[in-house]
Amino acid sequence: MKVFRYLWAAVCCCLSAVLLLGLLTGNQADAAAADPADINVGQVFSQQVEDQFSGVLESVLPIRRTYRLSDSTLVAPKANPANFGQVTCPEEMMPVIARAEELLEGQSTFFTADTPAREGHAIRYYLDDTLFTVTWKQPVDECVYTFAEVKIAHASQFRRFFSRGRYGSEVFFTPTELSRSVNAVLASAGDFHGYREIGIVVNNGQVFRGKGHFLDTCFIDDEGDLLFSMAGELTSIEDAQKYVDEHNIRFSLSFGPLIIRDGSCCVPEEYNSGEIHENYVRSALCQLGPLHYLVVTANTEPPFHILPTVSEFATRLWEMGIETAYCLDGGQTAAIALDHQLVNPVSYGAEREISDILYFATALPEESWEAAG
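The structure presented is a predicted model; accordingly, all values stated were derived computationally and were not measured.

**Q** Just checking my understanding: could you explain the state of the cysteines for this structure?
**A** Put plainly, two cysteines are in a disulfide when a covalent bond ties their sulfur atoms together. Within the structure shown, the criterion is met by zero disulfides. Summary of cysteine pairing: C286 is not part of a disulfide, and the nearest cysteine sulfur, belonging to C327, is at 8.9 Å.

**Q** What is the right way to look at the packing of aromatic side chains in this model?
**A** Centre distance and the angle of the planes are the two values used to describe a pair of aromatic rings. Applying the stated criterion across every chain, the model contains 18 aromatic pairs. Centroid distance F158 to F251: 5.3 Å. Interplanar angle 90 degrees. Geometry classified as edge-to-face. Here F158, found in strand β5 (residues 158-162), pairs with F251, found in strand β11 (residues 249-254); they are 93 residues apart in sequence, far enough to count as distant. Taken as a pair, F158 and F251 share a single burial class, namely buried.

**Q** Is there a simple way to think about the sheet that holds strand β3 (residues 131-140) in this case?
**A** Sheet strands pair via backbone hydrogen bonds, and the direction of the pair is either parallel or antiparallel. Strand order in this open sheet of nine strands is β1-β2-β3-β4-β15-β14-β16-β12-β13, and the pairing throughout is antiparallel. Strands with a single pairing partner mark the edges of an open sheet, and in this sheet they are β1 (84-87) and β13 (264-265). Relative to β13, strand β12 (residues 258-261) is paired through two bridges, and the arrangement is antiparallel. Bridging from a neighbouring strand, R261 pairs with S264 of β13.

**Q** How do you make sense of the pattern of salt bridges when you look at a structure like this?
**A** Following the criterion strictly, the structure yields ten salt bridges and no others. Between R118 and E301 there is a salt bridge, and its shortest N-O distance comes to 2.5 Å. With a gap of 183 residues between them, R118 in the loop between α5 (101-104) and β2 (123-127) and E301 in the loop between β15 (292-299) and α8 (310-319) connect regions that are remote in the sequence. A single burial state applies to R118 and to E301, both of which are buried. With a closest N to O distance of 2.7 Å, E301 and K137 form a salt bridge. You can see E301 sitting in the loop between β15 and α8 and its partner K137 sitting in strand β3, a full 164 residues away along the chain. In this structure, E301 and K137 share a single accessibility class: buried. Here the salt bridges do not stand alone but share partners, grouping D71, R159 and R250 into one network.

Parameters and conventions
- Residues numbered from 1 in each chain as written.
- Predicted model: local features only at pLDDT ≥ 70, side-chain atom pairs only at ≥ 80, totals over all residues.
- Heavy atoms only, no water.
- Disulfide = S-S within 2.5 Å.
- Phe/Tyr/Trp six-rings, centres within 6.5 Å; stacked < 30°, edge-to-face > 60°.
- Helix = DSSP H or I, 4+ residues; strand = E, 2+ residues; numbered from the N terminus.
- Buried < 20%, exposed > 50% of the residue type's maximum accessible area, 1.4 Å probe, protein only.
- Pairing = 2+ DSSP bridges.
- Salt bridge = Lys/Arg side-chain N within 4 Å of Asp/Glu carboxyl O.

If you want it as structure tokens, here you go:
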């Protein structure tokens, strides 16, 4: 015990010195990358304290360092190109998943050696200490489902980005262009809020639009969990902001409907968006566990040519064991990109220019690449 007390005293002294140095020098890169009006000083200070504390403890105690990203910084760290890879069959992914064991924190992966991945199509992945993702295609009925499973170390790695970095931009870009602009590891088209005037729009805890009359809303809180309000529950900016403040919401997605909740299908009979009864390209965001997600699209790709209704889409996901699923904008908007390259076959063979993406980013700074190598 005496040894531990002496060690802890040394940690505290080192921490005090490092924090003082950190606060004096500041974080110049973060401040330069963000609009000064968007910088949350308290958040930046908190992040500096956490990062410095983790670094000191890592140097003297056998614990894993915690990295986090600031929501005030628009551009995430670049992903290490050496950490991307691909295999040709599910069995070849098992050693990669084994290397992700610490990051998975006891959770099982949705992807297994028995996953019926489409033959002849690469299974692609990325793995570092803070992010694991694997993407694959899978025939379902007469359709091709594209899956992207993601596990992250910290909720701040699950992010949303508006075109040109601000709400209300009238200039749109393709999902892969938006992905590249923020260094996303994996990106998906979001809700394309710039195309419509209804729905709730939240980013960095601020409500920009509070018209929740007709659409279910998916909220992402500061723990990375998906929370939901149903159409008609929050119908003003004031109501939405109260909900955001009470539940520590970081951002939202507003398209829907919510199709699986608490392990049960909950597709509504009628809905105001997405042509739910038509055979259409579908997209969904699912949560598998803490900081563990699945993005899914349903597309045509020869010889598979029959698209699902929302009810059929929900049923297939539920049969696979998914307990939480929320529809994103489908059709030509539906897109998944790994390393800024499309994974799914988008409609009409070309990406649509859109207003926003959701994405997952590494939290490792570039200076860690050399150390890892």
